[in-house]
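Listed below are the residues making up each chain.
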Amino acid sequence: MRYINTDVSNGVATLTLNDPDKRNAINLQMNDEICEVLDELEASEEVGSLVVTGAGKAFCAGADLGDLLAARERDNIQDIYRGFLRIADSTLPTIAAVNGAAVGAGMNMALACDMILAGESARFDSRFLEIGIHPGGGHTWRLLSRTNEQTMRAMVLFGQVLSSQDARNRGLVWKVFPDEMLVTEAINIGEKASSYSKDLTRSTKAVSYTHLRAHETREDGVLRRVREKKKGGGGG
C-alpha cells in the first residue's frame, strides 16, 4: 500500500495514514486502500478493533487539493468521502488517535470513529466554509452527536478551532494523552474491545447507530446504499 500502513498487535489493527509530506491529506488512492484494508481486517479472526492515526505531525489535513478539485468538476465530491465513510460503517470498534491537525475531511476521518483520543498537539478545524465547500459526509450531525449545537455552529459557521483540551472539555474527545503515548494508549483501550465477541460487537454497533441514520444527508444515504450494494455483489 502506498498511502496507508497497517499493523496488528494483540487483536488491535493500527491503520496509519501515510503521506506525511502532504500532512496525510486524503486522495482517491488512499480511499481505495482504506476500503480494501477494512474488508480484509473485518474478515480476519485475528482483529477485534481498529486504531486510525496519522504519520508525522498531522492526523489528516483534509482532502488533497488536486483530487478535491477534480471531484468537484465531476460533480462527485462524494469520491473524497469514501474512505472515512467506510470506517464509519466498519463492524469493528474504531478509535481515532488524533496526533496533530484534523482539518475538514480529516476531521470527518476522526468523527467516523467510535471513540476519539487526542495527543496534546491535536487540533480540530472544520474549515469547509472557508474553502467554499458544503460540510458534507455527515460533518454537522456527526459533530453534533458528540458535542452540542453551539459547539457545532461555532466550529462550522464561525471557524472556531479546538485544541485537544478544548475538544475534551466539549465532549468531542474522550481522553488526551502526551503525543508520544497516544497510539500506545489507543491500542491498550482497543485490546479490551478486541476481547469481546465479534458477533455481539457487530450487532451492538448496528443497533446503537440506527438512530444516527435519521440524520444523514440524502447524498450520504445514497453513497452508503451504493457501497452496500457493491459489497453485496448486487446488480442494478
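The following paragraphs examine the structure supplied in this document. Worth saying up front: this structure is predicted, and the values here are computed from it rather than measured.

## Focus: unusual backbone geometry
For residues other than glycine, phi is negative in most cases, and the peptide bonds are mostly trans.
Thinking step 1. Of note in this structure, Asn24 is not a glycine but carries a positive phi near 60°.
Thinking step 2. Position of Asn24 among the secondary structure elements: in the loop between β2 (12-17) and α1 (28-43).
Thinking step 3. Even without being a glycine, Arg127 presents a positive backbone phi close to 65°.
Thinking step 4. Checked against the element boundaries, Arg127 lands in the loop between β7 (123-125) and α5 (139-146).

## Some words on empty space enclosed by the protein
Thinking step 1. Here the structure, examined in full by the defined rule, presents one cavity of 30 Å³ or more.
Thinking step 2. Each pocket or cavity is described by its volume, and for the largest cavity that value is around 70 Å³.
Thinking step 3. Gly48, Thr91, Leu92, Pro93, Ala193, Ser194, Tyr196, Ser197, Lys198, Thr201 and Arg202 together form the lining of the largest cavity.
Thinking step 4. For the lining of the largest cavity, the element with the most residues is helix α9 (residues 198-208), which contributes three residues.

## Concerning the sheet that holds strand β4 (residues 94-98)
Thinking step 1. Here we have six strands laid out as an open sheet, ordered β1-β2-β3-β4-β6-β9, and mixed in their pairing. Two strands close off the open sheet at either side, each with one partner strand: β1 (4-9) and β9 (175-177). Taken pair by pair, the neighbouring strands of this sheet meet at an average axis angle of 20°, ignoring direction.
Thinking step 2. Relative to β9, strand β6 (residues 115-119) runs parallel, the two being bridged by three bridges. Within the sheet, the bridge partner assigned to Ala118 lies in β9 and is Val176.

## Structural notes on the side chain of Asn108
Thinking step 1. Relative to the assigned elements, Asn108 resides in helix α4 (residues 105-111).
Thinking step 2. A polar atom in the side chain of Asn108 sits 2.7 Å from the side chain of His139.
Thinking step 3. Among all residues touching Asn108, those that are not within four sequence positions of it are Phe84, Phe128, Gly136, Gly137 and His139.

## So, a nonpolar patch on the surface
Thinking step 1. There is a patch of nonpolar side chains on the surface, built from Leu129, Leu157 and Phe158 and spanning about 330 Å² of accessible area.
Thinking step 2. Tracing the backbone shows Leu157 in helix α6 (residues 149-158).

## Brief notes about the pairing of β1
Thinking step 1. Strand direction decides the pairing type here: β1 and β2, joined by six bridges, are antiparallel. Looking across to β2, one finds that Ile4 is bridged to Leu17.

## Side note on the sheet that holds strand β5 (residues 101-103)
Thinking step 1. The strand order β5-β7-β8 describes an open sheet built from three strands, whose pairing is mixed. If you trace the sheet from one side to the other, it starts and ends with β5 and β8 (162-163), each paired once.

## Observations regarding the packing of aromatic side chains
Thinking step 1. The final tally for this structure, using the stated rule, is one aromatic pair.
Thinking step 2. Centre to centre, the rings of Tyr81 and Phe84 are 5.3 Å apart; their planes meet at 45°, and the pair counts as tilted.
Thinking step 3. Accessibility expressed as a relative area gives 0% for Phe84, which makes it buried.

Quick notes on the rules
Residues numbered from 1 in each chain as written. Predicted model: local features only at pLDDT ≥ 70, side-chain atom pairs only at ≥ 80, totals over all residues. Heavy atoms only, no water. Helix = DSSP H or I, 4+ residues; strand = E, 2+ residues; numbered from the N terminus. 1 Å grid on protein atoms, 1.4 Å probe; cavity = no way out; pocket = protein on both sides within 12 Å on 5 of 7 lines; lining within 4 Å. Points joined across faces, edges and corners; volume = space filled by probe spheres on them. Pairing = 2+ DSSP bridges. Axes fitted to C-alpha atoms, helices over the stretch in contact; angles between N-to-C directions. Polar contact = N/O pair within 3.5 Å; in protein donor to acceptor, adjacent residues only side chain to side chain. Contact = heavy atoms within 4.5 Å. Patch = residues over 30% accessible without salt bridge, like charges linked within 9 Å, V, L, I, M, F, W, Y side chains within 5 Å. Areas by Shrake-Rupley, 256 points an atom, 1.4 Å probe, with all protein chains shown as cover. Salt bridge = Lys/Arg side-chain N within 4 Å of Asp/Glu carboxyl O. Phe/Tyr/Trp six-rings, centres within 6.5 Å; stacked < 30°, edge-to-face > 60°. Buried < 20%, exposed > 50% of the residue type's maximum accessible area, 1.4 Å probe, protein only.

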